[in-house]
Amino acid sequence: MALSFAVNDWVEGGVLLAVIVLNVSIGFYQEYGAEKKMDALRALSAPSAMVLRDGRTQVVPNAEVVPGDIVILKMGDTVPADVRLFEAMNLAADEQSLTGESVPVEKIVEHLENEELGIGDRINVAYGTTTIRKGRGRGIVIATGMQTEVGKIAASTTKKHHKAGRSMNYKKYGKRQPIIGLARRIYDFVGKFLGLTEGTPLQIKLSKLAYMLFGSALLLAVIVFAVNEFHVPKEVVIYAISTGIAIIPESLVAVLTITMVVAVTVMRKANVVVRDLSALEALGGVTNICSDKTGTLTQGAMIVRKVWIPSKAIYTVKDSKHPSDPSEGIVTFSELDDKSQESEKRDFDQERSAAVLKFDVPDEKLHRSEPEKGNEKVATMNSELEAFLLSAALCNLATVRHELEPKDGRPEWQVTGEPTEIALQVFAHRFQKGKKVKEAEGWKQVAEFPFDSGIKRMSVIYNGPNIEHSMVFTKGAVERVLDLCSTVGIGSSQEPLTDEYKVRVLEQMDTFASQGQRVLAVASRPWEGKYQEKASPENHESDDDIRKRVENDLTLLGLAGIYDPPRKETTPAIAECSSAGIRVHMLTGDHPATAEAIAKEVGIIPRNLSVLSHDIANVIVQKATDFDKLSDAEIDALPELPLVLARCAPDTKTRMIEALRRRSAFMAMTGDGVNDAPSLSRADVGIAMGSGSDVAKSAAKIVLTDDKFNSIVAAIREGRRMFDNIQKFILHLLTSNVGEVILLICGLGFQDQSGFSVFPISPLEILWINMLTSSFPAFGLGREQASRDVMRKPPHDRKRGVFTNQILVDMLVYGLLMGTLSLMTFVIIIYGVNDGQLGVDCNRAFSPECEPVFRARATVFAELTWLILVSAWEFKDIRRSMFRLKPDDDSKFPLFKDVYENRFLFWAVVLGAVSVFPVVYIPVVNTNVFKHTAISWEWSLVFAATIIFVAGMELWKLTKRQFRLLEDAAVVRGAFSQGSEEGGRKFHHTFSFSSLKSWRSIGKNHTVDTRASTRERKDGSPV
């Protein structure tokens, strides 16, 4: 622009100025809109608080908490404001960010007499932004915002913080430090301003591309000057401007911004909130997903399916379809027959070697169980069952409430709490023995030892009516509770818990677990006298010591088998991951047998493990304790990393992440608890559950609002779609730049009578093409739907990013073809028709002797515009023919239907093609602004070049398909295909889910398209 004004080319300079202002305005508008949408999305994942308003609990954002609110706190919550506590059950808060104290502070509710206490000594107040590490409590908000203790610190802090090495204090760091510090500050400012040091990896990579192209523009200008022997009159400067404009894709940043905003919006509709844009780019490269089981792979709506009482009684819940409704279904009772519990394990290998080959039919279908012969009857209350229900109801934080007249379409039975505890509470309500009922009878809680993921159990202490001692109630993982028990049963049937009896209990646990049930043990014991609650700050006995005394010499009351059915969409989602080269791992705290049963049901592991090699079958399911015992070298030596890890602890998840990383995997990790925060932050893509803790959400890059596994797959699919579309519009924009540069550099040889080069296309024509003609089709390519095989090719190479070998080669091939055709058109008109008449000073003004040049420019402009527009349709798929984008389409000529599918792109191309005519034919504007004039017979050259260009692109695509050039790497599925009905079966043809409707569609959908992404490696490569 400055050069144009310097050479007194006011029209061109004015147009350039207007274009720059327009581009900046559009960019600002788009960026502003994007930031607004991102702010709205961030608000969805912002920390929230549970408050009591109008007699009902509500979840509100922390920013909406006001003084006077009653706040309910539990383990993992971020305290929303300064809260004066009036209820605290073993409540401890991590105040390290506020006081520097690394040990969580125990909280009390008593009044403190000393009014001069410091922040760290006010142990009856929970401070805003601190984290609840254990226990639960309630309190009233006394300060919010800048009035909190954290807010006061923030208000008093005005000092700016700089990165290390940016200080200019010469007294402290030496005399050279001011120069070094100033240089680094300038570097930070310039890098941030240019987008080279801040932003997502893709944005930084594209910023580097932009500056590389800018450097190339300067190099081309030097080439222009060199051809003219560095004699630089105004005409040469204008030509240099043309080459500089030609190589820079002016609309790239705007197109990228809009594409990413659209992707984030689409993900939000799919219940995925993106907190960090880097995760949006990383999703396309995910190779492994480490998922929790409960609520993610399964429904999270648990129901007690079976209960075992030590007197050899089994209680079974039947005909219950709504887990929260205790009035639905019946509970039956049966005596336990030891023989019925014994299940002979089938030897599939022996069956295959038998004289008559047997199919690997599941046992439940091969040996259908006979109908019950009256040994089950409706359950009735007895002392053993009542003791079990009392412990299960009181050692429980869930609530079950019956609303006779539910409002706003809510169900009649309202439940709150963790799914496991809800299931136990609902079971107790089936016998009218719920927590509210027992507390109304006089049971009063005096202490609580909350669930700890390290020891996997929870205990409470109650004072009961008409008894002189307190009672301890405990529930938790069977192995952890069983080790604390010394007796089993109550009353006259009580007996010592011997080693033989422990074996029987563990066998019963395995029976429940093999049916996919999560098994919990319930126990109790009388406390000697009344339990003295730890309420005084002078009592310095540690919680661990108290807990050891409490959880000791327990009596086992029974086992509860809790079933969490898998989501119906989980198995298809896992199968889709398998076809996309993504391995799914299940990391759960459940019993190994339960985890294995659910993993088989959803397709993570094959139902028949004998289809796997012996070494893989031995490691595919492991307990976390066994995995943790292995050294890093031993883990790396495993033929395949475990696909199921049971009894998983937080440290196990972290070790799994590191093991995957050592195998060059790129993993996504799910989590919801406070203890999941380390693994979420260390994973490449941390995914928190919307129902999880605020700590987990803060550590994650993505939040699932519906907690479903298929939402993760939808996010990966959207990430891949966005990545593919970015490749398409980058290829579209850079191809046109390559063609324009080739045209202008070769055009240096077209010299007029004065010895100056005559450009075959004017600067404003190039600017019109780059800003208007190619921008809107690029926007359309960014809105393209996901291709049919987007989840049937491997994850993209994170090191190469969007600039793969195929993109680079295609850019050169198509750009060379585009530039050559445009150049030949100019040559035909000037030298073939007008005997090389280039006129004089035709770069600046129109004259009769410049008419051939102006007509040639108009023809090249129209041709280049149409070639760029048609290429946008061709780039809908960079390998398949534009004339048959969908191989399973039965239409004879589906071109128009396919291109009209993306209506924005369709109309961008059509209107762009039509816009050529006014630009070419409007008088004065064509000759004075665009430096061309009206044409007639030259349109035949435009049509011919367009046909040749399309034929050339189709020929290059055909060559790539036939000779498998530049194709994607093969999908690696490991030892078997996850998500299939038979884990060991492998399909030699990849097909979409729609093709599963009919086996005939496999042959119908198989085409000659030999993309490597549809092939499958048949080796047993480890993850």
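Scroll up a little and you will see the structure.
In this text the structure is predicted, and so the values were computed from the model without any measurement. (Residues numbered from 1 in each chain as written. Predicted model: local features only at pLDDT ≥ 70, side-chain atom pairs only at ≥ 80, totals over all residues. Heavy atoms only, no water.)

Draft legend 1. The state of the cysteines, seen in detail. Here the structure, examined in full by the defined rule, presents one disulfide. Across the disulfide from Cys842 sits Cys850; the S-S distance is 1.9 Å. Here the S-S torsion is close to -90 degrees, and the disulfide linking Cys842 with Cys850 is therefore left-handed. A relative accessible area of 1% means that Cys842 is categorised as buried. With a relative accessible area of 0%, Cys850 lands in the buried category. With no disulfide partner, Cys290 has as its closest neighbouring cysteine sulfur the one in Cys648, 9.0 Å distant. (Disulfide = S-S within 2.5 Å. Buried < 20%, exposed > 50% of the residue type's maximum accessible area, 1.4 Å probe, protein only.)

Draft legend 2. Here's a closer look at the pattern of salt bridges. Under the definition given, this model contains 37 salt bridges. The partner of Glu640 in a salt bridge is Arg583, with the nearest N and O atoms 2.3 Å apart. Note that Glu640 is positioned in the loop between helix H24 (632-637) and strand E25 (644-646) and Arg583 in strand E23 (residues 583-587), a separation of 57 residues in sequence. Considered together, Glu640 and Arg583 belong to a single accessibility category, that of buried residues. Linking Arg855 and Glu851 is a salt bridge whose minimum nitrogen-to-oxygen distance equals 3.8 Å. Of this pair, Arg855 and Glu851 both sit in helix H32 (residues 851-874), separated by four residues, roughly a single helical turn. Classification of Glu851 by relative accessible area gives partly exposed; the value is 35%. A network of salt bridges, in which partner residues are shared, links Glu87, Arg136, Arg138 and Glu448. (Salt bridge = Lys/Arg side-chain N within 4 Å of Asp/Glu carboxyl O. Helix = DSSP H or I, 4+ residues; strand = E, 2+ residues; numbered from the N terminus.)

Draft legend 3. Representation of the side chain of Thr773 in the model. Note on placement: Thr773 falls in helix H29 (residues 763-773). Owing to a relative accessible area of 3%, Thr773 belongs among the buried residues under this scheme. Beyond its immediate sequence surroundings of up to four residues, Thr773 is in contact with Trp768, Thr865 and Leu869. (Contact = heavy atoms within 4.5 Å.)

Draft legend 4. A look at the packing of aromatic side chains. Applying the stated rule across the entire model yields 21 aromatic pairs. Relative to Phe917, the ring of Trp866 has its centre 6.4 Å away and its plane inclined at 65 degrees; by these criteria the two rings are edge-to-face. Residue Trp866 is located in helix H32, and its partner Phe917 is located in helix H35 (residues 916-921); the two are separated by 51 residues in the primary sequence. Each member of the aromatic cluster is reached from another via a ring pair, and the members are Trp866, Phe917, Trp939 and Phe943. (Phe/Tyr/Trp six-rings, centres within 6.5 Å; stacked < 30°, edge-to-face > 60°.)

Draft legend 5. Highlighting the packing of H32 against helix H37 (residues 939-962). In the contact formed by H32 and H37, the axes pass within 9 Å of each other and the chain directions differ by 30 degrees. When the axes of H32 and H37 are compared, the pair comes out roughly parallel. Crossing of H32 over H37 shows right-handed handedness. Along its contact with H32, which presents Thr859, Ala862, Glu863, Trp866, Leu867, Val870, Ser871 and Glu874, the element H37 presents Trp939, Leu941, Val942, Phe943, Ala945, Thr946, Phe949, Val950, Met953, Glu954 and Lys957. (Axes fitted to C-alpha atoms, helices over the stretch in contact; angles between N-to-C directions. Parallel < 35°, antiparallel > 145°, perpendicular 65-115°, else oblique. Left-handed = near helix turned anticlockwise from the far one by under 90°.)

Draft legend 6. The arrangement of the side chain of Asp82 in detail. When you line up the elements, Asp82 lands in strand E4 (residues 82-94). Since its relative accessible area comes to 4%, Asp82 is described here as buried. From its side chain, Asp82 meets the backbone nitrogen of Glu149 in a polar contact 3.0 Å long. Not counting residues within four places of it along the chain, the set of residues in contact with Asp82 comprises Ala126, Tyr127, Gly128, Ile140, Val141, Ile142, Ala143, Thr148 and Glu149. (Polar contact = N/O pair within 3.5 Å; in protein donor to acceptor, adjacent residues only side chain to side chain.)

Draft legend 7. Looking closely at the packing of helix H28 (residues 709-746) against helix H30 (residues 775-782). The interhelical angle for the contact between H28 and H30, taken along N-to-C directions, is 160 degrees, at an axis separation of 8 Å. By the angle class used here, H28 and H30 are roughly antiparallel. In this structure, H28 crosses over H30, and the sense of that crossing is right-handed. Together, Arg721, Asn725, Lys728, Phe729, His732 and Leu733 of H28 and Pro777, Ala778, Leu781 and Gly782 of H30 make up the contact between the two elements. Broken down by class, the residue content of the contact of H28 with H30 amounts to five nonpolar, three polar and two charged. (Nonpolar A, V, L, I, M, F, W, Y, C, P; charged D, E, K, R; others polar.)

Draft legend 8. Quick peek at unusual backbone geometry. Within the chain, Asn90 stands out as a residue other than glycine whose phi angle is a positive 50 degrees. Inspection of the secondary structure assignment puts Asn90 in strand E4. Here the phi dihedral of Arg647 falls at roughly 50 degrees; this positive angle occurs in a residue that is not glycine. Along the chain, Arg647 turns up in the loop between E25 and helix H25 (650-662).

So yeah, pure geometry; function would need other evidence.
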